[in-house]
Amino acid sequence: MGLEIRLLTARDTEAYWHLRLEALEREPKSFGESAGEHRLSTPESATERLTTNPEDNFVFGALLDGDLAGMAGFFRYTIAKERHKGKIWGVYVREDCRGKGIGRALLAALLEKIKACPGVEQVSLTVAAGQSAARALYVSLGFKTYGLEPGGMKVGDEYLDNEHMMLKI
Ligand SMILES: CC(C)(COP(=O)(O)OP(=O)(O)OC[C@H]1O[C@@H](n2cnc3c(N)ncnc32)[C@H](O)[C@@H]1OP(=O)(O)O)[C@@H](O)C(=O)NCCC(=O)NCCS
């Protein structure tokens, strides 16, 4: 397989928007945003997400033979007392592409770029209860749990606990 891991740019807007929709439709228990909310978002807002403050805010994509098969994003907090921190979001690999090292490659690229952000000292993420593959990946990268939020997410009538993890870099 021809795997390319690279930063997504404005030119990737359409593929990014569709992959994000797929993630939210297929894995509603993994993400805070709903598919309905994403469907209401404009292509302009997706472009903005990929291009605003590119030093502190970026999304890596995994392209398999040219097609976007996975993604992982990062943003840095903007207020002065929190600029030493950032958050990883939107980690997703297409179901038929999983188990081949793509998720690990995406996180490796993301963490390498985060480490190159001057002044960023720690990064957090949230994983919902039951997402064992994602959790195992984060633990293997050194993320530690700092909090458990009972019922932190409500999907339909189901309450899911959120696990908050962080990595000092
Ligand atoms: C989490 C996810 C991105 C992993 O992507 P992937 O390409 O399959 O991951 P990789 O093949 O690179 O595997 C990386 C690690 O994940 C863990 N992992 C992957 N599949 C696993 C499984 N079925 N069971 C348990 N752990 C698993 C392992 O620790 C693995 O490391 P190893 O290969 O050294 O054993 C993917 O499963 C996914 O998109 N899941 C649904 C969305 C989601 O939960 N996103 C996270 C939101 S916080």
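Bear in mind the structure is a predicted one, so any value in this text is a computation, not a measurement.

Enquirer: If you had to explain the environment of Arg 76 to someone new, which residues and values would you point to?
Expert: You can see Arg 76 is positioned in strand 3 (residues 67-76). Exposure remark for Arg 76: the relative accessible area of 10% places this residue in the buried category. Ignoring any residue separated from it by four or fewer positions in sequence, one finds Arg 76 in contact with Asp 56, Arg 83, Lys 85, Gly 86, Pro 118, Gly 119 and Val 120.

Enquirer: Any chance you could break down the site of the ligand for me, citing the residues and the numbers?
Expert: The ligand sits among 20 residues. The nearest are Val 91, Gly 99, Gly 101, Gly 103 and Arg 104. Ser 30 has a polar side-chain atom sitting 3.2 Å from an oxygen atom of the ligand. Take Val 93: an N or O atom from its main chain is 2.9 Å from an oxygen atom of the ligand. Out of a free accessible area of 920 Å², the ligand has 71% covered by protein chains. In a pocket analysis with a 2 Å cut-off to the grid points, the ligand is assigned to the largest pocket. Those elements that provide at least two residues to the shell around the ligand are strand 4 (85-93), helix 4 (102-115) and helix 5 (132-140).

Enquirer: Break down the environment of Glu 4 for me, citing the residues and quoting the values.
Expert: Its place among the elements puts Glu 4 in strand 1 (residues 3-7). Among all residues touching Glu 4, those that are not within four sequence positions of it are Gly 61, Ala 62 and Leu 63.

Enquirer: Tell me about the packing of aromatic side chains, and please be specific about residues and values.
Expert: Scanning all chains against the criterion turns up 5 aromatic pairs. Considering the side-chain rings of Phe 75 and Tyr 77, the 5.4 Å spacing of their centres and the 80° angle between planes classify their relative orientation as edge-to-face. Three or more aromatic residues joined by ring pairs form one cluster here, namely Phe 58, Phe 60 and Phe 74. In this structure, Arg 49 is placed above the aromatic ring of Trp 89, and the distance from its NZ or CZ to the ring centre is 4.0 Å. Lying across the ring of Tyr 77, Lys 85 places its NZ or CZ 5.6 Å from the centre.

Enquirer: Tell me about the pairing of strand 7 (residues 158-168), and please be specific about residues and values.
Expert: For a regular strand, side-chain orientation follows a simple rule: the groups alternate between the two sheet faces. As paired strands, strand 5 (residues 122-128) and strand 7 are joined by 7 bridges and run antiparallel to one another. When the bridges of strand 7 are listed, Thr 126 appears paired with His 164. Summarising the sheet, strand 6 (residues 144-155) and strand 7 pair through 8 bridges and their orientation is antiparallel. The partner of Leu 148 across the bridge, within strand 7, is Glu 163. In textbook terms, the turn of a hairpin is the stretch between consecutive antiparallel strands, and for strand 6 and strand 7 this stretch comprises 2 residues, one of which, Gly 156, has a positive phi near 65°.

Enquirer: Describe in detail the layout of surface pockets, supporting the description with residues and values.
Expert: Taken as a whole, the largest pocket spans an internal volume of roughly 930 Å³. If you trace the largest pocket, you find 37 residues lining it, with Phe 31, Val 91, Tyr 92, Ala 134 and Tyr 138 closest to the centre. For the lining of the largest pocket, the secondary-structure elements that each account for two or more residues are strand 4, helix 4, strand 5, helix 5 and strand 6. Ranked by residue count, the leading element in the lining of the largest pocket is strand 4, at 7 residues. Its residues assigned to classes, the lining of the largest pocket comprises 17 nonpolar, 12 polar and 8 charged.

Enquirer: Which residues make up the nonpolar core, and what values do they have?
Expert: Generally speaking, nonpolar side chains in soluble globular proteins are found buried as a group. By size, the foremost hydrophobic cluster in this structure holds 27 residues, and its most contacted members are Phe 74, Ile 88, Leu 110, Ile 114, Val 123, Tyr 138 and Phe 143. Taken together, the elements giving at least two residues each to this core come down to strand 2 (57-64), strand 3, strand 4, helix 4, strand 5, helix 5 and strand 7. With 7 residues, the top contributor of residues to this core is helix 4. Once you skip the residues sitting within four places of it in the chain, Leu 110 turns out to touch Phe 58, Phe 60, Ala 72, Gly 73, Phe 74 and Ile 88. In terms of nonpolar packing, the next biggest core, distinct from the first, is built from 17 residues, Leu 8, Leu 19, Leu 63 and Tyr 92 among them.

What counts, and where the lines are drawn
Residues numbered from 1 in each chain as written. Predicted model: local features only at pLDDT ≥ 70, side-chain atom pairs only at ≥ 80, totals over all residues. Heavy atoms only, no water. Helix = DSSP H or I, 4+ residues; strand = E, 2+ residues; numbered from the N terminus. Buried < 20%, exposed > 50% of the residue type's maximum accessible area, 1.4 Å probe, protein only. Contact = heavy atoms within 4.5 Å. Near = heavy atom within 4 Å. Polar contact = N/O pair within 3.5 Å; in protein donor to acceptor, adjacent residues only side chain to side chain. Areas by Shrake-Rupley, 256 points an atom, 1.4 Å probe, with all protein chains shown as cover. 1 Å grid on protein atoms, 1.4 Å probe; cavity = no way out; pocket = protein on both sides within 12 Å on 5 of 7 lines; lining within 4 Å. Sits in = over half its atoms within 2 Å of the grid points. Phe/Tyr/Trp six-rings, centres within 6.5 Å; stacked < 30°, edge-to-face > 60°. Lys NZ or Arg CZ within 6 Å of the ring centre and 35° of its normal. Pairing = 2+ DSSP bridges. Points joined across faces, edges and corners; volume = space filled by probe spheres on them. Nonpolar A, V, L, I, M, F, W, Y, C, P; charged D, E, K, R; others polar. Core = buried A, V, L, I, M, F, W, Y, C linked by side-chain atoms within 4.5 Å.

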